[in-house]
Amino acid sequence: MLAYIIRRLLYAIPILIGVNLLTFALFFVVNTPDDMARMQLGVKRVTPEAIQKWKAERGYDKPLLWNAAAAGTATVTDTIFFSKSVRMFAADFGRADDGRDIAREITTRMGPSLAIAVPTFVLGLFVAISFALLLVFFRATTLDFSGVVLCVAMMSISGLFYIIGGQWLVSKVWHLVPISGYGGGLDAAKFLILPVIIGVIGGIGSSTRWYRTIFLEEIGKDYVRTARAKGLPERVVLFRHVLRNAMIPILTGVVVVIPTLFMGSLLTESFFGVPGLGSYTIDAINAQDFAVVRSMVFIGSVLYIVGLLLTDISYTLADPRVRLQ
Amino acid sequence: MSFQPVVLWSDALLFVLIAVIVALTLWARRQEALRAAWARVLKDGVAMAAATVLAVFVLIGLLDSLHYRARLPDQPGTTARYAVEVNSALDALLSDLRLRAEKTYSAPLATHLYSKEALADSTQREFPRLKFGGAHLGQDLSNHEFDIAIRVSRGCAGGLVIWLLLVWILVRTLGLELRGRFPFVVSLSNHGRGSKRPFDKLRANGGSDTAQGAASGAIFITLLPILLLFGIAISLGGGYHVFGTDKVGQDVLYLSLKSIRTGLLIGTLTTLVMLPVAVLLGILAGYVGGWVDDVIQYLYTTLSSIPGVLLIAAAVLMMQVIIDTHPQWFATSAERADARLLALCLILGMTSWTGVARLLRGETLKLRELEFVQAAQAFGVGRLAIMRRHILPNLMHIVLIALVMDFSGLVLAEAVLSYVGVGVDPTTISFGTMINTARMELAREPMVWWSLLAAFSFMFALVLAANLFADAVRDAFDPRSS
């Protein structure tokens, strides 16, 4: 098991290097730092001095890959590639355009992101699986059919609609909770409840349908027939046999998401004014702060790879037949 | 000529796409298995109702893809000059809606502006009358509601007449038979083609005949509300702004109709861009194996490990820099917006081919071991020929399913991306830009809700139809579903 984990972590290294090279190519080769400076400073009437100053402030004035002017190891280390891309491996993300340290910003913003993402995730999972089991219990009846129709209809509604509609109805018409904002401690609850509920409702359509398909596939198998033949009530068949055996396909889709919860939801956080990583990313995109976007891309891929590893490990927990080697 | 046709890049690609679809349809008609699968889709009432709605959207999108530049009035001694503005056939059809712009917001069917203004002839601030909305009523507004009711019923009547006409034409030309029962069950029989005993036909076909009838009936029943809505919109649109006007006074109905093309383009061109790459790499990885497989797997694992939105955001930011630093590439602003739309499709495609490639690789691995491929190998058929002749046709169902399943997700993604600021050009009319501009106005009192609601309703209709149709196609083509 440990050997497996170590080997998987080693596999992750070439992928992260690939991600790093890709973002490097995207941000520094497709567009030179000069282009970016011109864009940030306004395309017209920009002096070469202003561009030089902009680049120097951000450390973009070095050569891309090879510094011929420097001596020793500095030929490699005193370059944009090393200072901007390689250093990300050491969790050194540099500074944002407003001069703040990105790594520090990320650690402080992680809390609010998790405070929304974790309850949404757990509650969403619980609600969707319960609904799916309910539909499967009443399979091939009108209830099942109308449930599926409802799911397809809910899937077809834009996520923006849920957020805008929810804010309007709950906060503006009913005045139940504040429209947006964030507070520390227990105060946070009144800000969190609406985004969490909206997040759950927005995701319910597609996930319920997905779990229902999994359960239906499982319910046609022989062991289910055996369980019924033993005289077990349908309730026990569903909860003790079908649900457990459906764990593998469910885990495949679910566990990989857990680490990326740190990243927060872009839309929810920016609509509700939550100072998390999602709104940080959106602000960076709008302000065209390339350093922040680059860091978030890197962190996102690290988390995704961790998620894949966790998925494989969770298989061994859910299914004793699975052996990792 | 009184106009100069303009073919934008996205138009050209759209026409290529349609040519490909027509060619594939002709080819599929000759394939027994494909014909059987499509016949299953054609017999599905829900699928055909969804297809009807989609067809209406596609028609509007196609009309909006025939672009031209109008000719300016001739001046003596000069050659013909054309307007800078690029319009489409849809713009020409809707010129009434396009040109009757108000000053700013007005509610649906309103006669007065949304905000108060100081009028010239009075000291108080009042709601000024709209320039066009309800202008035919004159000064007497007491029959405003009566006028609306008249127009609605006139529109309904018109829609109903056109519907009856259409049903009659379809029944006559296609040999569909209407049975006098509601919901009009229409059945295919060889009525007009010289068959003397339709009941023999019915018996020979067994149950499928009535299924076919239910499907045609579904088309007619779907057409009825669509035509009624069209009738009402045309009748009301002659005198009012049916969905109100937006911040700069543009008619929201016009904006919604224009958004359809953007949504369709993003939903289809993205997959078109993505497919060749995904198919080629997926088959190569699965069939050739070895280091080719390793490289391709590495490639798509790396790409898919970057969270989609972030990769798209990064790529779009970079694309913006390129477009902004090379203004000389684009002659008109329409061309620039079009280039940006295409680039967005390209970026979305580049980030989303990984899933399809992975599926195709897995399926190729399975196919490679089957007898018919082994037989071809034993006969000495070349690798390329095997991949083209034996592997590719057996993967087409996955490709088709991916194509239809991705569509609705992409339409929804456009709105989100435009909100994040990495979507289409702000001057391109799309559901995303509509929602994005309308979102700001929710805080106003009284609320400006109409453009949001219009955008969401149109999007809902399009995505719901696409989802339902995609489900039917998947059920018919997926060998795992029975």
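Rules used in this analysis
- Starting afresh in each chain, residues are numbered from 1 along the sequence in its written order.
- Here every chain gets a letter starting at A, and every ligand a number starting at 1, in the order they are written.
- It should be noted that, the model being predicted, local features are given only for residues of pLDDT at least 70 and side-chain atom pairs only at 80 or more, the latter also being counted only at that level, while totals for whole chains, interfaces and linings use all residues.
- Remark: hydrogens and water are excluded; side-chain values derive from all non-hydrogen atoms of the structure.
- Numbering of helices and strands runs from the N terminus; a helix is a DSSP stretch of H or I covering at least four residues, while a strand is a stretch of E covering at least two.
- Classification of residues uses two cut-offs on accessible area relative to the type maximum, computed with a 1.4 Å probe and protein chains only: under 20% is buried, over 50% is exposed, and between them is partly exposed.
- Only heavy atoms enter the contact rule, under which two residues are in contact if any of them lie within 4.5 Å.
- Accessible areas in this description were obtained via Shrake-Rupley with a 1.4 Å probe; residue shielding takes into account the shown protein chains only.
- Only four residue types enter the charge count, namely Lys and Arg as positive and Asp and Glu as negative; His and the chain termini do not.
- In plain terms, the charge of a residue is placed at NZ if it is Lys, CZ if Arg, CG if Asp and CD if Glu.
- Defined here as a combined quantity, buried area equals the accessible surface (1.4 Å probe) lost by two parts on assembly, summed across both.
- Salt bridge, as applied in this entry: a Lys or Arg side-chain nitrogen positioned within 4 Å of an Asp or Glu carboxyl oxygen.
- We call two N or O atoms a polar contact when they sit within 3.5 Å, provided that within protein one can donate a hydrogen and the other can accept it, with sequence-adjacent residues counted only if both atoms are side-chain atoms.
- Classes in brief: Ala, Val, Leu, Ile, Met, Phe, Trp, Tyr, Cys and Pro nonpolar; Asp, Glu, Lys and Arg charged; the others, Gly included, polar.
- Between any two strands, at least two bridges found by DSSP are needed for them to pair.
- In this entry, domain limits derive from an automatic or database-based domain assignment.
- Every axis corresponds to a line fitted to the C-alpha atoms, with the helix fit spanning only the stretch in contact, and the corresponding angles, defined between N-to-C directions, vary from 0 to 180 degrees.
- Small angles under 35 degrees read as roughly parallel and large ones over 145 as roughly antiparallel, with 65 to 115 read as roughly perpendicular and the rest as oblique.
- Left-handed is the label given to a crossing in which the near helix is rotated counterclockwise from the far helix by less than a right angle, and right-handed is the label when the rotation is clockwise.
- Residue-level confidence of the predictor, termed pLDDT, takes values from 0 up to 100.
- Only rings of Phe, Tyr and Trp enter the pairing, Trp through its six-membered ring, and a pair is recorded when the two centres are within 6.5 Å. The plane angle decides the type: under 30 degrees is stacked, over 60 is edge-to-face, the rest tilted.
- Each direction from the helix axis to a C-beta atom contributes to the arc, which is the arc of those directions.
- What goes into a patch is any residue over 30% in relative accessible area without a salt bridge, connected to like charges within 9 Å or, for nonpolar side chains (Val, Leu, Ile, Met, Phe, Trp, Tyr), within 5 Å.

Caption draft 1: Fine view of the overall build of chain B. A tally of regular secondary structure across chain B gives 17 helices and 7 strands. Sorting the 482 residues of chain B into buried and exposed places 46% on the buried side. The long-range fraction of contacts in chain B, counting pairs at least 24 apart against all pairs at least 6 apart in sequence, stands at 70%. Within the structure as shown, chain B displays about 24000 Å² of accessible surface, and the carbon and sulfur contribution to it stands at 66%.

Caption draft 2: The arrangement of the overall build of chain A in detail. Counting its regular elements, chain A contains 16 helices and 0 strands. For chain A, the C-alpha atoms occupy an extent of roughly 80 × 55 × 35 Å along the three principal directions. Relative to its full complement of 325 residues, chain A shows a buried share of 45%. For chain A, the accessible surface area stands at approximately 16300 Å², while carbon and sulfur atoms represent 67% of it. Positive and negative side-chain charges of chain A, numbering 30 and 22 respectively, have mean locations separated by a distance of 7 Å.

Caption draft 3: Layout of the interface of chain B and chain A. Each partner contributes to the interface: chain B provides 45 residues, whereas chain A provides 44 residues. Of the roughly 3800 Å² buried between chain B and chain A on both sides combined, carbon and sulfur atoms contribute 77%. Interface area lost by chain B to chain A is led by Leu 310, Met 318 and Tyr 419 of chain B, which between them contribute 16%. There are 1 salt bridge connecting chain B and chain A. Between Arg 209 of chain A and Asp 471 of chain B there is a salt bridge; the shortest N-O distance is 2.7 Å. Inspection of the region where chain B meets chain A yields 5 residue pairs in polar contact (both at pLDDT 80 or more). Sorting the residues of the side of chain B that touches chain A by element identifies helix H10 (290-305), helix H11 (308-325), helix H15 (396-420), helix H16 (431-439) and helix H17 (450-477) of chain B as the ones contributing at least two each. The leading source of residues in the side of chain B that touches chain A is H11 of chain B, at 13 residues. Here the side of chain B that touches chain A is built from residues that sort into 31 nonpolar, 8 polar and 6 charged.

Caption draft 4: Region of the structure containing the sheet that holds strand S2 (residues 67-70) of chain B. Residue and element names in this part refer to chain B. Taken in spatial order, the 3 strands line up as S1-S2-S3 in an open sheet, and their pairing is antiparallel. Edge positions in the sheet fall to strand S1 (3-6) and strand S3 (87-88), since each has one partner strand and no second. Examined bridge by bridge, S2 and S3 share 2 bridges and lie antiparallel to one another. Across the sheet, Tyr 68 pairs through a bridge with Asn 87, a residue of S3.

Caption draft 5: Seen up close, the domain arrangement of chain B. All names here are of chain B. Split into domains, chain B comes out as domain 1 (3-99), domain 2 (134-237) and domain 3 (257-477). Computed from C-alpha coordinates alone, the two centres of domain 1 and domain 3 are separated by 20 Å. Each partner contributes residues to the interface: domain 1 has 32 residues there, and domain 3 has 26 residues. Counting each side, the surface lost to burial between domain 1 and domain 3 is near 2600 Å², with a carbon and sulfur contribution of 82%. If you look at where domain 1 meets domain 3, you find 3 salt bridges. The partner of Arg 261 in a salt bridge is Asp 11, with the nearest N and O atoms 2.5 Å apart. For the pair domain 1 and domain 3, the number of links is 8 residue pairs in polar contact (both at pLDDT 80 or more).

Caption draft 6: Spatial organisation of the packing of helix H7 (residues 142-155) of chain A against helix H9 (residues 188-219) of chain A. Residue and element names in this part refer to chain A. It is at 8 Å that the axes of H7 and H9 come closest, and there the two elements cross at 130°. By the angle between their directions, the pair H7 and H9 is classed as oblique. In this structure, the crossing between H7 and H9 has a hand that is left-handed. Facing H7, whose interface residues are Asp 144, Val 148, Cys 151, Val 152, Met 154 and Met 155, H9 presents Ile 201, Ile 204, Gly 205, Ser 206, Thr 208, Arg 209 and Arg 212.

Caption draft 7: View of unusual backbone geometry. All names here are of chain A. If you check the backbone angles, His 175 has positive phi at about 55° while not being a glycine. Its place among the elements puts His 175 in the loop between helix H8 (159-173) and H9. Classification of His 175 by relative accessible area gives exposed; the value is 62%.

Caption draft 8: A look at helix H2 (residues 33-41) of chain A. Among all positions of H2 of chain A, only Pro 33, Asp 35, Met 36, Ala 37 and Met 39 of chain A are buried. Buried residues belonging to H2 of chain A abut helix H1 (2-29), helix H3 (48-58), helix H5 (80-85) and helix H16 (290-318) of chain A together with H11 of chain B. Downstream of H2 of chain A by one or two residues, Gly 42 of chain A has phi in the positive range, about 95°.

Caption draft 9: Just the pairing of S2 of chain B, in detail. Pairing analysis gives 4 bridges linking S1 of chain B to S2 of chain B, with the strands arranged antiparallel. Each residue of the ladder has a partner; that of Val 6 of chain B, found in S2 of chain B, is His 67 of chain B.

Caption draft 10: View of the confidence of the model for chain A. Mean pLDDT over chain A stands at 85; residues scoring 70 or higher make up 98%. Within chain A, the lowest mean pLDDT, 71, falls on helix H4 (residues 74-77) of chain A, and the highest, 93, falls on H7 of chain A.

Caption draft 11: Inspection of the packing of aromatic side chains at higher detail. Residues and elements named next belong to chain B. One pass over the full model with this rule turns up 10 aromatic pairs over all chains. Relative to Tyr 68, the ring of Phe 3 lies with its centre 5.7 Å away and its plane at 70°, an arrangement referred to as edge-to-face. Of this pair, Phe 3 sits in strand S1 while Tyr 68 sits in strand S2; the two residues are 65 residues apart in sequence, bridging distant segments of the chain. Aromatic pair Trp 329 and Phe 330: ring centres 6.3 Å apart, planes at 70°, arrangement edge-to-face. You can call Phe 330 buried: its relative accessible area is 18%. Connected via pairs of aromatic rings, a cluster forms that spans Tyr 105, Tyr 114, Trp 449 and Trp 450.

Caption draft 12: Quick peek at helix H12 (residues 247-254) of chain A. Residues and elements named next belong to chain A. Within H12, burial applies to Ile 250, Leu 251 and Val 254. Across the axial projection of H12, the buried residues extend over an arc of 100°, all falling on one side. On its buried side, H12 packs onto helix H6 (102-137), H9, helix H13 (257-260) and H16.

Caption draft 13: Fine view of a nonpolar patch on the surface. On the surface, a nonpolar cluster with roughly 660 Å² of combined accessible area is contributed by Leu 2, Ile 6, Leu 10, Ile 13, Ile 17, Leu 21 and Phe 89 of chain A. Position of Ile 6 of chain A relative to the elements: it lies in helix H1.

Caption draft 14: Structural context of the packing of helix H10 (residues 222-229) of chain A against helix H11 (residues 234-245) of chain A. All names here are of chain A. Here H10 crosses H11 at 155°, and the two axes come no closer than 10 Å. Taken together, the axes of H10 and H11 are roughly antiparallel relative to one another. Judged by the sense of rotation from one axis to the other, the crossing of H10 with H11 is right-handed. Counting all contacts with H10, which are made through Tyr 223, Val 224, Ala 227 and Arg 228, the residues of H11 involved are Glu 234, Val 237, His 241, Val 242 and Asn 245. Across the contact of H10 with H11, the residue classes break down as 5 nonpolar, 2 polar and 2 charged.

Caption draft 15: Representation of the environment of Ala 476 of chain B. Following the sequence through the fold, Ala 476 of chain B ends up in helix H17. Non-local contacts of Ala 476 of chain B, meaning those with residues more than four positions away in its chain, are made with Ala 37, Arg 40 and Val 41 of chain B.

Caption draft 16: The arrangement of the side chain of Asp 293 of chain B in detail. Residue and element names in this part refer to chain B. Looking at the secondary structure, you find Asp 293 in helix H10. Given a relative accessible area of 10%, Asp 293 falls into the buried group. Other than its neighbours up to four places away in sequence, Asp 293 contacts Ala 285 and Arg 361.

Caption draft 17: Fine view of the confidence of the model for chain B. Residues and elements named next belong to chain B. On average, residues of chain B score 83 in pLDDT, and 90% of them reach the 70 mark or higher. Below a pLDDT of 50 lies the segment residues 179-208, which in the model reaches 39 contacts outside its immediate sequence neighbourhood of four places, other chains included. Among the prediction metrics, the complex's ipTM stands at 0.87, with pTM recorded as 0.88.

Caption draft 18: Inspection of the environment of Arg 98 of chain B at higher detail. Residues and elements named next belong to chain B. Within the element layout of this structure, Arg 98 appears in helix H5 (residues 95-99). Of the residues examined, Arg 98 reaches a relative accessible area of 16% and is grouped as buried. A C-alpha to C-alpha distance of 36 Å links Arg 98 and Thr 351, two positions 253 residues apart in sequence. When sequence neighbours within four positions are dropped, the list of residues in contact with Arg 98 reads Glu 85, Asn 87, Asp 91 and Tyr 254.

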